[in-house]
Amino acid sequence: MAVESVTTLRRVITGELKSKVDRVWDAFWSGGISNPLEVIEQITYLLFLRRLDDRQILAEKKAVLNSGVIEDPVFMPGEEQELRWSRFKQLDAESMYELFDTRVFKFLQGLGGDGSTYGSHMKNARFTIPTPALLSNVVDMIDGIELTDRDTNGDLYEYLLSKLSTSGTNGQFRTPRHIIDLMVAMTAPKPDDEICDPACGTAGFLVAASEYVRRQHPGVLSDAKQRNHFHESMFHGYDFDSTMLRIGSMNMLQHGVERPDIRYRDSLSEVAGEDTQRYTLILANPPFAGSLDYESTAKDLLKTVKTKKTELLFLALFLKLLKAGGRAAVIVPDGVLFGSSKAHKDLRKALVEEHKLDAVVKLPSGVFKPYAGVSTAILFFTKTGVGGTDDVWFYDVRADGFSLDDKRNPTEANDLPDVLSRWSNRAAEKDRARTEQSFLVPKAEIVEQGYDLSLNRYKEIEYDEVEHRAPLDIIADIETLEAEIAKGLAELKGMLR
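Report on the accompanying structure. (Residues numbered from 1 in each chain as written. Predicted model: local features only at pLDDT ≥ 70, side-chain atom pairs only at ≥ 80, totals over all residues. Heavy atoms only, no water.)

1. What about the sheet that holds strand β5 (residues 322-333)?
Next up, step 1: On the basis of which strands lie adjacent, the open sheet formed by nine strands has the order β3-β2-β1-β4-β5-β7-β6-β8-β11 and mixed pairing. Sheet topology places β3 (261-264) and β11 (438-442) at the edges, where each strand pairs with a single neighbour. The mean inter-strand angle of the sheet, taken between neighbouring strand axes irrespective of direction, is 15°.
Next up, step 2: Two elements, strand β8 (residues 391-396) and β11, share five bridges in a ladder whose sense is antiparallel. (Pairing = 2+ DSSP bridges. Helix = DSSP H or I, 4+ residues; strand = E, 2+ residues; numbered from the N terminus. Axes fitted to C-alpha atoms, helices over the stretch in contact; angles between N-to-C directions.)

What follows is the structure, encoded as structure tokens:
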């Protein structure tokens, strides 16, 4: 993968399409819905309704060419035909609103038989658009957006989700996309991977992984077996927020993954069971939500690490979910690197001694602003069960291409391309001094330091030599200045007599 691509992977919609989306967004705000998450949820329902009708139109065209029978219809003949996008968009505002209020959402709620992950998340769909005028306005605007191209669909939804990054609603915020892209590029997903994010939110990691596989392995969709794996068994995400499950599923759908395994699961409270040792790659930024009670924590995780700290429990979960040889890239708070509790030390020791700890990438503390100024790092490790840690690679990211204050404006300074470049050529890291931004640390030294993984423990700071003048010379200069001041004061005093 080209190094520079970390900063250029994601396209930003511009021009007329961006203006249309902004107008839809503004219509919601001026119409009385100001919660960005709610706006996205309502738009998601509308996009899904349009997609269902598009699917039926395609099936009807195929039926004309074949037997005349519509395969797997979404809308049955009769009254359900009135619920199609192409029909209700022609209604006046009042009639459309009544149809949504009385029938369209009931139809959506009963759509579990659709067979898709997304359909199963529709059972709790809620219609909250407050007025007929707003509904009619938004339907017209969405109808005017061209949605036949997968890239456009994905970019459009990505742009909508970017609105969340300026809101921080309900404490839920997204991992910055350029950080996700870096983690995906460094783990380089392969077509036969089974990829999981056990705290998936809007499914940003899974979307980025799917886009990476499409770009780097373009033949993956031309082989029937691989295509089936890509659409149905490659991507897995859990969350316990039903709104996020809907949004995450739609995000995957809009990026061209037809049946992702996105499902409800309280990852830390439920026994992993059938998912134990199932995945080959975990990408995650789990919530650092403080502590859980032992009673509400899955017993199999407590066997791995006896702690109430969620960030440690998630690490234990990742090790449980990974197959032998599986790899992980996860964001952790700094405390995981140097915490002094027995649980902290035991988990770090397990990563170093029982598995293969590959890298610790220290992130600047402003990466998650404006929501949090927490210091974080990315841990890269491989589950082996038999050890394998040799030299651990450390990188000190000081700039990520954005200012590190609450504004997060774009800046020239950006270490991320260098992170990927050096990671891709770690053989050259052997000779780097500890005063540089990246270096290797032998396992023996980490063991000697009690498995402390904080970068500052191993980094050397180079001080510039400064020559100071002799103290007697400085005193002589002070005496001269004092004599001049005394002389000046005496002259001033004489002038005032």
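Here the narrative resumes.
2. Quick word on empty space enclosed by the protein
Next up, step 1: Enumeration over the complete set of coordinates arrives at three cavities of 30 Å³ or more.
Next up, step 2: As a volume, the largest cavity reaches approximately 70 Å³.
Next up, step 3: Every residue along the wall of the largest cavity is listed here: V21, V24, I43, L47, I142, I145, L156 and L160.
Next up, step 4: Of all elements in the fold, only α1 (15-30), α2 (36-65) and α7 (150-162) reach the threshold of two or more residues within the lining of the largest cavity.
Next up, step 5: Its residues assigned to classes, the lining of the largest cavity shows eight nonpolar, no polar and no charged. (1 Å grid on protein atoms, 1.4 Å probe; cavity = no way out; pocket = protein on both sides within 12 Å on 5 of 7 lines; lining within 4 Å. Points joined across faces, edges and corners; volume = space filled by probe spheres on them. Nonpolar A, V, L, I, M, F, W, Y, C, P; charged D, E, K, R; others polar.)

3. Comments concerning the packing of aromatic side chains
Next up, step 1: Summed over all chains, the structure comprises 15 aromatic pairs.
Next up, step 2: With a centroid separation of 5.3 Å and an interplanar angle of 40°, the aromatic rings of F380 and W423 are classed as tilted. You can see F380 sitting in strand β7 (residues 376-382) and its partner W423 sitting in helix α16 (residues 416-423), a full 43 residues away along the chain.
Next up, step 3: When its relative accessible area of 2% is taken as the criterion, F380 is described as buried.
Next up, step 4: Where W393 meets W423, the ring centres are 5.7 Å apart and the plane angle is 55°; that geometry is what we call tilted. You can see W393 sitting in strand β8 and its partner W423 sitting in helix α16, a full 30 residues away along the chain. (Phe/Tyr/Trp six-rings, centres within 6.5 Å; stacked < 30°, edge-to-face > 60°. Buried < 20%, exposed > 50% of the residue type's maximum accessible area, 1.4 Å probe, protein only.)

4. Looking at a nonpolar patch on the surface
Next up, step 1: A contiguous nonpolar surface patch, about 590 Å² in accessible area, is contributed by I485, L489, L492, M495 and L496.
Next up, step 2: With respect to the helices, strands and loops of the structure, I485 is situated in helix α18 (residues 471-495).
Next up, step 3: Given the relative accessible area of 53%, I485 is considered exposed. (Patch = residues over 30% accessible without salt bridge, like charges linked within 9 Å, V, L, I, M, F, W, Y side chains within 5 Å. Areas by Shrake-Rupley, 256 points an atom, 1.4 Å probe, with all protein chains shown as cover. Salt bridge = Lys/Arg side-chain N within 4 Å of Asp/Glu carboxyl O.)

5. A short note on the pairing of strand β6 (residues 356-362)
Next up, step 1: Within β6, six of the seven residues are buried, which leaves it mostly tucked inside the rest of the structure.
Next up, step 2: The pairing of β6 with β7 spans six bridges and is antiparallel. Residue pairing across strands places V360 opposite L379, the latter belonging to β7.
Next up, step 3: Pairing geometry for β6 and β8, over four bridges, is parallel. The partner of V361 across the bridge, within β8, is Y395.

6. Details of the pairing of strand β2 (residues 235-239)
Put simply, side chains in a regular strand alternate between the two faces of the sheet.
Next up, step 1: Buried residues dominate β2, accounting for five of its five residues.
Next up, step 2: Burial along β2 is two-sided: the residues F235, G237 and D239 and H236 and Y238 are all buried.
Next up, step 3: Alignment of strand β1 (residues 195-197) against β2, held across three bridges, turns out to be parallel. Directly across from D197, in β2, lies its bridge partner G237.
Next up, step 4: Relative to β3, β2 runs parallel, the two sharing four bridges. Directly across from H236, in β3, lies its bridge partner D261.
Next up, step 5: The handedness of the β2 to β3 crossover, carried by helix α11 (residues 242-254), is right-handed. (Right-handed = clockwise from strand over helix to strand, strands pointing away.)

7. Some points on the packing of helix α4 (residues 93-109) against helix α6 (residues 132-143)
Next up, step 1: Relative orientation of the contacting elements α4 and α6 amounts to 95°, with a least axis distance of 8 Å. One element, α4, and the other, α6, form an angle in the roughly perpendicular class. Contacts from A93, E94, M96, Y97 and F100 of α4 reach α6 at P132, A133, L135, S136 and V139.
Next up, step 2: Across the contact of α4 with α6, the residue classes break down as eight nonpolar, one polar and one charged. (Parallel < 35°, antiparallel > 145°, perpendicular 65-115°, else oblique. Contact = heavy atoms within 4.5 Å.)

8. Notes on the packing of helix α13 (residues 310-321) against helix α15 (residues 342-354)
Next up, step 1: Interaxial distance between α13 and α15 falls to 11 Å at its minimum, and their mutual angle equals 30°. On the basis of their axis angle, the class for α13 and α15 is roughly parallel. In this structure, α13 crosses over α15, and the sense of that crossing is left-handed. Between α13 and α15, the residues in contact are L312, L315 and L319 and A343, H344, L347 and L351, respectively.
Next up, step 2: Here the residues of the contact of α13 with α15 sort into six nonpolar, one polar and no charged. (Left-handed = near helix turned anticlockwise from the far one by under 90°.)

9. What about the nonpolar core?
Next up, step 1: Grouped together as the largest cluster of nonpolar side chains are 53 residues, with contacts concentrated most on F28, L46, F100, L108 and L135.
Next up, step 2: Sorting the residues of this core by element identifies α1, α2, α3 (85-88), α4, α6, α7 and α11 as the ones contributing at least two each.
Next up, step 3: Among the elements that make up this core, the one with the highest residue count is α2 (ten residues).
Next up, step 4: Setting aside its immediate chain neighbours within four residues, F100 contacts L46, L49, F88, F105, F127 and L135. (Core = buried A, V, L, I, M, F, W, Y, C linked by side-chain atoms within 4.5 Å.)

10. A few points about the pattern of salt bridges
Next up, step 1: The tally for this structure, following the rule as stated, stands at 28 salt bridges.
Next up, step 2: Among the salt bridges present, the one from E41 reaches R246, with a minimum N-O distance of 2.6 Å. With E41 in helix α2 and R246 in helix α11, this residue pair connects regions lying 205 residues apart in the sequence.

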